[in-house]
Amino acid sequence: MIFDSCIWVGIAAGQVDPPPSVIAAAGDAPVFTSVICLGELSFWVESCTDPAERCEPPTYAKWIAAQAIEHGYALLTLNPSDFAGLPGLQCVMPSPRPP
C-alpha cells in the first residue's frame with residue numbers, strides 16, 4: 001500500500017486517526033510512502049508562506065498512483081474520486097477520526 005499525500009495532511013489536520021485507521025486499512029499489506037509524496041509535501045510546506053495556501057497543495061497524485069499501479073499496491077487516499085478511471089488502481093480509504 002502506498003500513501004497518497006493527503007493521508008499525511010489528514011493526519012496532521014486530525015482528519016485521519018493514526019495508527020488505528022491506517023493499520024486497519026492496510027491490514028497485512030506492507031506500507032510505503034512515495035518519494036514523490038515526500039517531495040510534494042516538502043516543496044509545498046517550504047514554498048507556501050501563507051497558511052491559507054497550504055490548504056491547496058500542488059498535485060502529483062497521478063504520479064503517486066502510477067507507482068502504486070506499477071508495483072501492484074493499493075493507494076491509501078482520502079480522495080478516491082481523484083483517481084476514478086485509472087485502470088489497475090485500487091484505492092483504499094482509512095476510517096475517519098472518531099468524534
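Our subject is the structure listed above.
Let us look at the structure shown here. Nothing here was measured: the structure is a model prediction, and the numbers come from that model. (Residues numbered from 1 in each chain as written. Predicted model: local features only at pLDDT ≥ 70, side-chain atom pairs only at ≥ 80, totals over all residues. Heavy atoms only, no water.)

**A short note on the overall build of the chain**
Next, step 1: Looking only at helices and strands, the chain has 4 helices and 4 strands in total.
Next, step 2: For the chain, the α and β elements follow one another from N to C terminus as β-α-α-β-α-α-β-β.
Next, step 3: Of all 99 residues assigned to the chain, the portion counted as buried reaches 32%.
Next, step 4: A separation of at least 24 residues holds for 60% of the contacts in the chain among residues at least 6 apart in sequence. (Helix = DSSP H or I, 4+ residues; strand = E, 2+ residues; numbered from the N terminus. Buried < 20%, exposed > 50% of the residue type's maximum accessible area, 1.4 Å probe, protein only. Contact = heavy atoms within 4.5 Å.)

**Focus: the environment of Gly-14**
Next, step 1: Locating Gly-14 in the fold gives a position in the loop between α1 (5–13) and α2 (20–26).
Next, step 2: Taking C-alpha positions, Gly-14 is 9.3 Å from Pro-96, a pair spaced 82 residues apart along the chain.

**Comments concerning helix α4 (residues 61–71)**
Next, step 1: Within α4 the residues assigned to the buried category are Ala-61, Ile-64, Ala-65 and Ala-68. Each buried residue of α4 sits inside an arc of 100° when the element is viewed along its axis, so together they form one side. Among the exposed residues of α4, those oriented more than 90 degrees off its buried face are Lys-62, Trp-63, Glu-70 and His-71.
Next, step 2: Looking at the residues trailing α4, positive phi occurs at Gly-72, about 75°. (Arc of directions from axis to C-beta.)

**Some words on α1**
Next, step 1: Residues of α1 that are buried include every one of Ser-5, Cys-6, Ile-7 and Gly-10, and no others.
Next, step 2: A positive phi of about 80° marks Gly-14, the residue just after α1.

**Brief notes about the sheet that holds strand β3 (residues 75–76)**
Strand pairing in a sheet takes place through backbone hydrogen bonds and is either antiparallel or parallel in direction.
Next, step 1: With respect to topology, 4 strands assemble into an open sheet ordered β2-β1-β3-β4, the strand pairing being parallel. One side of each edge strand has no neighbouring strand; the edge strands of this open sheet are β2 (32–33) and β4 (91–92).
Next, step 2: One ladder, built from 2 bridges, connects β3 with β4; its direction is parallel. Along β4, the bridge assignment pairs Leu-76 with Val-92. (Pairing = 2+ DSSP bridges.)

**A short note on the state of the cysteines**
Next, step 1: Evaluated as defined, the whole model comprises 0 disulfides.
Next, step 2: Free cysteine: Cys-91, not disulfide-bonded; nearest cysteine sulfur from Cys-6 at 9.5 Å.
Next, step 3: On the basis of relative accessibility, which here comes to 28%, the residue Cys-91 falls in the partly exposed class. (Disulfide = S-S within 2.5 Å.)

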